[in-house]
Amino acid sequence: MTYREVPAKIDLPEMEHEILKLWSQQDIFKKSLDKSADGPLWVFYEGPPTANGMPGTHHVEARVFKDVFPRYRTMKGFNVPRKAGWDCHGLPVELAVEKELGFTGKQDIEKYGIAQFNDKCRESVVRHVDAFEEMTSRMGYWVDTNQAYWTMDSSYVDSVWWSLKKIFDKGLLVQDHRVSPYCPRCGTGLSDHELAQGYEDVVDASVYVRFPITSGALKDEFGALSLLIWTTTPWTLISNTAAAVNGTVNYVVAKTEDGELFVIAEALREKVLGEDSSVIKTFLGSTLEGTSYQRPFDWVEFPETDSPIHTVLLADFVTTEDGTGIVHEAPAFGAEDLALCKSYGLPVVNPVLPDGTFNQDIPEVGGVFFKTADARLVQLLGENGSLFRHLPYEHSYPHCWRCHTALIYYAQPSWYIRTTAIKDQLIAQNEKTNWYPETIKSGRFGDWLDNNVDWALSRNRYWGTPLPIWRCEDAHLTCVGSRRELAQLSSDASVEMDPHRPFVDDISFKCPECELQANRVPEVIDCWYDSGAMPFAQWGYPEKNADLFENRYPADFICEAIDQTRGWFYTLMAIGTLIFEESSYKNVLCLGHILDEDGRKMSKHLGNVLEPIALMDDHGADAVRWFMLVSGSPWQARRVGHGTIAEVVRKTLLTYWNTVAFQSLYARAGSWDPTTASLTNLTDLDRWAVAQATRLARDVDKALEDFDTQRAGRFIAEYVDDLSNWYVRRSRRRFWDAEHSALSTLHHCLKVVTQVMAPFTPFITERVWQDLFATSEVESVHLSYWPTWSDEEIDDTLRDQVELTRRIVELGRAARAASGVKTRQPLQRALVAAAGWGELPEGLQAQIRDEVNVITLESLAGTDELVDVAIKANFKSLGARFAKETPMIAKAIVAKDAREIVDQLRIGPVELEVEGTVITITLEDVVITEVPRAGWTVASVGGESLALDLALTPELIAQGVARDVTRLIQDARKTSGYDISDRISIVWETSNPDTQRAMNEHREQICSEVLATKWENASVENPVVSDEDLDLRISLIRSS
RNA sequence: GGGCCUAUAGCUCAGCCUGGUUAGAGCGCUUCCCUGAUAAGGAAGAGGUCGAUGGUUCAAGUCCAUCUAGGCUCACCA
């Protein structure tokens, strides 16, 4: 048995497509699940992507992490079912369809017909899910899309209804009239987590407006004077109902330079009216209560009432940080305003229609969009003398997260879940949750819970889970928990019916309480509720799959990007806690966002979106995956571009691949049978490579247990580099000879690294597994078990020794570079000074001699005449003992004769007098550096040195020539395209006597290295190789 | 405005938790070396006020405070 042939060059994307085919033909994903079926369950929940647009590279990010941990856990023997899911409902889908159909508002939808419109939404979802499935497959994300849950499935809706009924029965699902953010374009209220996504910085008109006082003590005292108010929403002035001041704040009557009188907060007088204004009278805000004034626009009619319309009210929320300290009240458009005006019994007037335009009967701005009316109103304020000042004001204002229309705060009836009632439970559940990174737990997410407000659940829309509440004419409410229940209540309904609008709207039944007819309320629910219900709704629980659900709650692992803090992470925890009194996840990985190469957010708007499939077909999915997992910190925002991903390919994937190709090449050339691999008769370097592989398996395991792919990836990359650029580099000759222990070692090491890399880069590792291991092991790397180890297999001493060896070699290279004597020229000896080098095993010392190309290594330390000693203070050990005295003592140590004190310290502790005090220091307190004296070429780093003896003998020169010649011929063989085992014939000539001599003396050595079977010194007509320095011309041909 | 994150070489980022002598890597640039696996590898050079200021400490890139800039996020206080 042999390896399959592994080409040196590889087209990664093409290879990946072949692997995809292999996986599907051999059904590897399913086999990996079957194989682990009896293992302990590790529960993963897939957060459903919203199927309202094409998948982007940011979707790849989260999906890579959702893939890597289940793959890893599966290799560790866990059973990790992976059910895909799609978020189907919601405004985003509706908007996409509206755009397609060219609609501009809800009227168009109603005209078109809800049934047809929802059909279009359903089609749109299916279309986008197809695109997601393609991307999911291409990137190697193993998730079961055949049995995906769809939030629009009837059984899913049943589950959602069931849960809503549970909440309703607890009295936590209620209708309330509240001022809440409302999108006039979409015609629906927004929940707080939707609101959070839509703040935009805008410049609004801010106006200071006169409210002339019409009665009260101040009027009697001063005659003409005005309240001065400030607002950034001039359009609300039409609806002005009252003015509010803080009763405990000082106010003044102030006179402007022009002699006009205003009431204003004392603290803001100078800022608003200027230094030249003067205070006439000071009093507490509470004395203003009841003062009546004249509103700026008297277009809206107020009902007859005894309540104090258009007077001053007292409110705690008024501050003196902005404006004038007098707030204009329009209760229909502000939560605090509404509460205040209600408490004074004031009526609520609202001249703004649900589409955001002013009622037609309003003069000047009837039919105008509320925000657009600002400019005209400011102009009118100027004309009627109300306007005191007009300033642009920049602030961030909420906009609809989908259509970017400015939101309006608008009083309207809406359904709420009283999450504030379970706030303490939510906080307790969060306490039990492991967040990665941890800062989210008490930071972003913790803050969110601390400031919890009731969940505005209802939407006045069409494509969503209908709110399953029926109301009768006497306003009794019935919450229905499934289609089955509905069918029991109404003969119009059936268990099989489509639970969407408009079909459910047509169902009515007799109110169980009063027998009057009950009809469904018109709202659908927030689609975030759908996705948050997935732990049970994906199974259709409790109608179906009760056992499945119960085993798989809560999840061990969920993962999404940071924007889900207020989204899915919240709704999952909130619904889980509401229904089951336990959060639905234990560990949550929260990723940073992907940015473009310039650090900007990717968006269609900016045109900087990387199309994921194109990206993967350019560089390979493995490269994209590795980037996501390892480059930078996953929980911070990261920049992604072609350059960064191409580097992954070069540095990591191809280095790994080349090592594999190397192993295959020589194993096949030597007809080596991998089933005979055995880790016996190993060299020191072999043992090192094996022990490091074991260490790798342990370290990667630990890192992945901590959800730290970055650390794990760095371990892998380091090991791949060690294996390729040290183990293989140093062992080449043994591979040429097809040495069993070397081939066995690399076979083993490649197996380990392939396995631990498999969750990261499933394609290339699968390909390697197929080529090198599948014939002697299980059929796929993804069906193999994670390597096991015992700690004693991990040899720290050997690791340290190899590290020292490599450091000394580096010194040798540096010394070579400094000397100008190239490495191919052998030198007689190198002198080494480095702690512990003498104890290096002979095998490792041979590595040094070979790399540095010297015949012997000698110790520099013993040869005093060649070496100077320098010492420095070891601050760490001194500082611990002498603290403040440290610098003084350090100075005293350095001032001593270095040679003398080192000699003494090598015998024992030394007493030192510093500033009259005698202290004792040991070897540990100094750092000794030995530096060769002049006349030697030396390199020295961190106290370790290597010096080269540059004396050349004719024999050494001849050896150098031989090595030059060998290299020239090898290069010629390669460029001529000879196979590594081809034998050749050589003809050469030179008129240089030194070259002549070297050729003759080293003939045997050269011939064996270059596999020459014939060797002739004769004139060369057409040299394949010629070298001017050596005055050498060679021709070679393949021997028969 | 509140909270969080980030700021280290031209670029991308380690190092900071647990303070210690001369702050690292990769990419890019220059010169050289090594090479019959390599699209690689190595050495040297150039490139740093470790965002700023103050503090703690014998000692600060590292700990603390304040500030600045950028990002994310929350918040329409009128």
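Everything below is about the structure printed above this text.
Residue numbers run consecutively from 1 along every chain, following the written order of its sequence. Chain A is the first chain written and ligand 1 is the first ligand written, with later ones labelled in order. Thresholds applied to this predicted model are a pLDDT of at least 70 for local features of residues and 80 or more for the giving and counting of side-chain atom pairs; totals over whole chains, interfaces and linings are not thresholded and use all residues. Just so you know, side-chain values use all the structure's heavy atoms and leave hydrogens and water out.

Q: Residue-level account of the overall build of chain A, with values.
A: When its secondary structure is counted, chain A shows 35 helices and 38 strands. The atom set for the radius of gyration is the C-alpha atoms, and the globule formula is 2.2 Å times the number of residues raised to the power 0.38. Taking 31 Å as the expected radius of gyration for a compact globule of 1040 residues, we find that chain A reaches 40 Å, considerably beyond that expectation. Principal-axis analysis of the C-alpha atoms places the extent of chain A at approximately 120 × 85 × 60 Å. In chain A, which comprises 1040 residues, the proportion classed as buried is 56%. The criterion used for residue contact is that any of the two residues' heavy atoms lie within 4.5 Å. Considering only residue pairs separated by 6 or more positions, chain A has 77% of its internal contacts joining residues 24 or more positions apart. Accessible surface, chain A: about 43900 Å² in total, of which carbon and sulfur atoms supply 47%. For this count, His and the chain ends are skipped, Lys and Arg are scored as positive, and Asp and Glu as negative. Note on charges: their place is set at NZ of Lys, CZ of Arg, CG of Asp or CD of Glu. Looking at charge distribution, chain A has the averaged site of its 104 positive side-chain charges lying 4 Å from that of its 154 negative ones. For helices the rule is a DSSP run of H or I covering at least 4 residues; for strands it is a run of E covering at least 2, with both sets numbered from the N terminus onward. The buried label goes to any residue with under 20% of its type's maximum accessible area, the exposed label to any with over 50%, and the partly exposed label to all in between, with areas taken from a 1.4 Å probe on protein chains only. Per-residue accessibility takes into account occlusion by the displayed protein chains alone, with areas from the Shrake-Rupley method and a 1.4 Å probe.

Q: Quick rundown of the sheet that holds strand β35 (residues 984-990)? Include the residues and the values.
A: Across the sheet, which stays open at both edges, the four strands sit in the order β36-β35-β38-β37 with mixed pairing between neighbours. Each edge of the open sheet carries a strand with a single partner, namely β36 (1012-1017) and β37 (1025-1027). Direction aside, the axes of adjacent strands within the sheet are offset by 15 degrees on average. In this description, strands pair whenever DSSP reports at least two bridges between them. Here β37 pairs with strand β38 (residues 1032-1038) via three bridges, running antiparallel. From the neighbouring strand, Asp1027 faces β38, where its bridge partner is Leu1032. Contacting β35 and β36, helix α35 (residues 1003-1010) crosses the sheet at an angle of about 135 degrees to β36. Convention adopted: a line fitted to C-alpha atoms gives each axis, helices being fitted over their contacting stretch, and angles between N-to-C directions are expressed from 0 to 180 degrees.

Q: Lay out the environment of Ile238 in plain terms, naming residues and giving numbers.
A: As for its placement among the helices and strands, Ile238 is situated in the loop between β6 (226-231) and β7 (242-245). Under the relative-accessibility criterion, Ile238 is labelled buried at 0%. Sequence separation of Ile238 and Ser458 is 220 residues, and the distance between their C-alpha atoms is 29 Å. With residues up to four places along the chain from it excluded, the contact list for Ile238 reads Arg295, Phe297, Trp299, Val300, Pro351, Phe358, Ile362, Val365 and Leu377.

Q: Help me get a handle on the sheet that holds strand β14 (residues 408-417), residues and values and all.
A: Taken together, the four strands give an open sheet; going across it, the order is β4-β3-β14-β16, and neighbouring strands pair in antiparallel fashion. Unpaired on one side and paired on the other, β4 (188-189) and β16 (455-456) mark the two borders of the sheet. Bridging between strand β3 (residues 173-183) and β14 involves 10 bridges; their strand directions are antiparallel. Bridged to His177 within β14 is Pro413.

Q: Could you give me a rundown of the packing of helix α22 (residues 621-630) against helix α27 (residues 762-773), with the residues and numbers involved?
A: Where α22 contacts α27, the two axes come as close as 7 Å, and the packing angle between them is 125 degrees. As the angle between them shows, α22 and α27 are arranged oblique. For the pair α22 and α27, the contacting residues are Ala621, Asp622 and Arg625 in the first and Pro762, Phe763 and Ile764 in the second. For this classification, the nonpolar set comprises Ala, Val, Leu, Ile, Met, Phe, Trp, Tyr, Cys and Pro, the charged set comprises Asp, Glu, Lys and Arg, and every other residue, Gly included, is treated as polar. Residue classes in the contact of α22 with α27 are distributed as four nonpolar, no polar and two charged. Any angle that falls under 35 degrees is termed roughly parallel, while one over 145 is termed roughly antiparallel, one within 65 to 115 roughly perpendicular, and all others oblique.

Q: Mind laying out unusual backbone geometry, listing which residues take part and the relevant values?
A: Following Arg501, the chain continues into Pro502 via a peptide bond in cis, with omega recorded as 0 degrees. The topology assignment puts Pro502 in the loop between α16 (483-489) and β20 (508-510). Omega for the bond connecting Tyr541 with Pro542 falls within 30 degrees of zero, at 0 degrees, which places this linkage in the cis form. Mapped onto the secondary structure, Pro542 falls in the loop between α18 (534-537) and α19 (546-551). Phi at Asn853 is positive, roughly 60 degrees, even though this residue is not glycine. Notably, Asp1031 is not glycine yet its phi reads approximately 55 degrees, a positive angle. Assignment of secondary structure puts Asp1031 in the loop between β37 and β38.

Q: Lay out the nonpolar core with the relevant residues and their values.
A: Core analysis: the largest hydrophobic core is formed by 138 residues, its most contacted members being Phe69, Val125, Ile716, Tyr727, Val753, Phe760 and Ile808. It is helix α23 (residues 642-669) that contributes the most residues to this core, 11 residues altogether. When residues no more than four places from it in sequence are discounted, the contact partners of Tyr727 are Leu685, Asp686, Trp688, Ala689, Asp722, Arg734, Phe735, Ala742, Thr745 and Leu746. Membership of the second largest hydrophobic core comes to 66 residues, among which are Tyr208, Ile213, Tyr251 and Leu261. Buried Ala, Val, Leu, Ile, Met, Phe, Trp, Tyr and Cys residues that are joined via side-chain atoms within 4.5 Å together make up what is termed a nonpolar core.

Q: Give me the packing of aromatic side chains: which residues, what numbers.
A: Stacked, edge-to-face and tilted are the three classes for Phe, Tyr and Trp ring pairs, Trp counted by its six-membered ring, which pair at centre distances within 6.5 Å; planes under 30 degrees apart are stacked, over 60 edge-to-face, the rest tilted. Enumeration according to the criterion identifies 46 aromatic pairs in this entry. Both rings, one in Trp769 and one in Phe773, keep their centres 5.2 Å apart while their planes meet at 40 degrees; by these two values the pair is tilted. In this pair, Trp769 and Phe773 are both assigned in helix α27, four residues apart and thus about one turn of the helix distant. Take Trp769 and Phe773: they sit in the same class, and that class is buried. Over the face of the ring belonging to Tyr785 we find Lys35, whose NZ or CZ atom lies 3.9 Å from the ring centre. A positively charged side chain is recorded as over a ring if its NZ (Lys) or CZ (Arg) lies within 6 Å of the ring centre. The angle to the ring normal must also be within 35 degrees.

Q: Can you tell me about the side chain of Arg483, naming the residues and giving the values?
A: On the secondary structure map, Arg483 appears in helix α16. A relative accessible area of 10% places Arg483 in the buried class. Polar side-chain contacts of Arg483 include one of 3.1 Å to the backbone oxygen of Val495. In this view, Arg483 contacts Ser154, Ser155, Asp158, Trp161, Ser494, Val495, Glu496, Met497 and Pro499; residues no more than four positions away in its chain are not counted. Two N or O atoms count as a polar contact when they lie within 3.5 Å, although within protein this holds only if one can serve as hydrogen donor and the other as acceptor, and sequence-adjacent residues are included solely when both atoms are side-chain atoms.

Q: Which residues make up the state of the cysteines, and what values do they have?
A: In protein chemistry, a disulfide is the covalent bond that joins the sulfur atoms of two cysteines. We call a pair of cysteine sulfur atoms a disulfide when they lie within 2.5 Å. By the definition in use, this model includes zero disulfides. Cys590 carries a free sulfur, and the closest cysteine sulfur to it, the one in Cys559, is 8.4 Å from it. Exposure remark for Cys590: the relative accessible area of 1% places this residue in the buried category.

Q: Could you give me a rundown of helix α30 (residues 875-882), with the residues and numbers involved?
A: All of the buried residues along α30 are Ser877, Leu878 and Phe882. Looking straight down α30, one finds its buried side chains confined to an arc of 105 degrees; they lie on one side. The exposed set on the far side of α30, more than 90 degrees from its buried face, consists of Phe875, Lys876 and Ala880. Ala883 occupies a position one or two residues after α30 and carries a positive phi of about 45 degrees. Picture the helix axis, draw a direction to every C-beta atom, and the arc is the one those directions span.

Q: Which residues make up the pairing of strand β27 (residues 827-833), and what values go with them?
A: Looking down a regular strand, the side chains alternate between one sheet face and the other. The buried fraction of β27 is high, at five of seven residues. The pairing of β27 with strand β28 (residues 854-859) spans five bridges and is parallel. Opposite Arg829, over in β28, you have Thr856 as the bridge partner. Once you follow β27 into helix α29 (residues 842-852) and on to β28, the crossover reads as right-handed. In the sheet, β27 pairs with strand β34 (residues 944-948) via four bridges, with the strands oriented antiparallel. For Leu831, the partnering residue across the bridge sits in β34 and is Ala947. Seen with the strands pointing away from the viewer, any crossover whose path from the first strand over the helix to the second strand runs clockwise is right-handed.

Q: Quick one: what's the story with the pattern of salt bridges, residue by residue and with numbers?
A: For this document, the term salt bridge refers to a Lys or Arg side-chain nitrogen within 4 Å of an Asp or Glu carboxyl oxygen. Evaluation of the coordinates by the stated rule reveals 59 salt bridges. With its nearest N and O atoms 2.6 Å apart, the salt bridge here joins Asp67 to Arg71. Of this pair, Asp67 and Arg71 both sit in helix α3 (residues 57-75), separated by four residues, roughly a single helical turn. In terms of burial, Asp67 and Arg71 fall into one category: buried. Here the salt bridges do not stand alone but share partners, grouping Arg729, Arg730, Arg813, Asp850 and Glu851 into one network.

Q: So what's going on with the environment of Thr104? Residues and values would help.
A: Its location among the elements puts Thr104 in the loop between α4 (91-101) and α5 (106-112). Considered as a pair, Thr104 and Cys186 are 82 residues apart in the sequence and their alpha carbons are 9.0 Å apart. If we skip the residues at most four places from it in the chain, Thr104 touches Glu98 and Arg185.

Q: I'd like a rundown of helix α28 (residues 796-819), residues and numbers included.
A: The terminal C-alpha atoms of α28 lie 34 Å apart, and with 24 residues this matches the ideal 34 Å at 1.5 Å per residue to within 8%. Two or three places before Thr797, at the start of α28, stands the capping residue Asp795, its side-chain oxygen 3.1 Å from that residue's backbone nitrogen. What a helix should span is 1.5 Å times the count of its residues minus one.

Q: Summarise the packing of helix α24 (residues 684-705) against α28; cite the residues concerned and give the values.
A: It is the contact of α24 with α28, at a shortest axis distance of 10 Å, that shows an interaxial angle of 115 degrees. For the pair α24 and α28, the sense of crossing is left-handed. Facing α24, whose interface residues are Asp684, Arg687, Trp688, Gln692 and Arg695, α28 presents Asp796, Leu798, Arg799, Val802 and Arg806. Residue composition of the contact of α24 with α28, grouped by class: three nonpolar, one polar and six charged. In this scheme the handedness of a crossing depends on how the near helix is turned from the far one: anticlockwise by less than a right angle means left-handed, clockwise means right-handed.

Q: Could you give an account of a negative patch on the surface, naming the residues involved and the relevant values?
A: For patch detection, residues must exceed 30% relative accessible area and be free of salt bridges, and they are connected within 9 Å for like charges or within 5 Å for nonpolar side chains (Val, Leu, Ile, Met, Phe, Trp, Tyr). Residues Glu257, Asp258, Glu270, Glu275 and Asp276 make up a contiguous surface patch of negative charge. Relative to the assigned elements, Glu270 resides in helix α10 (residues 269-273). What makes Glu270 partly exposed here is its relative accessible area of 45%.

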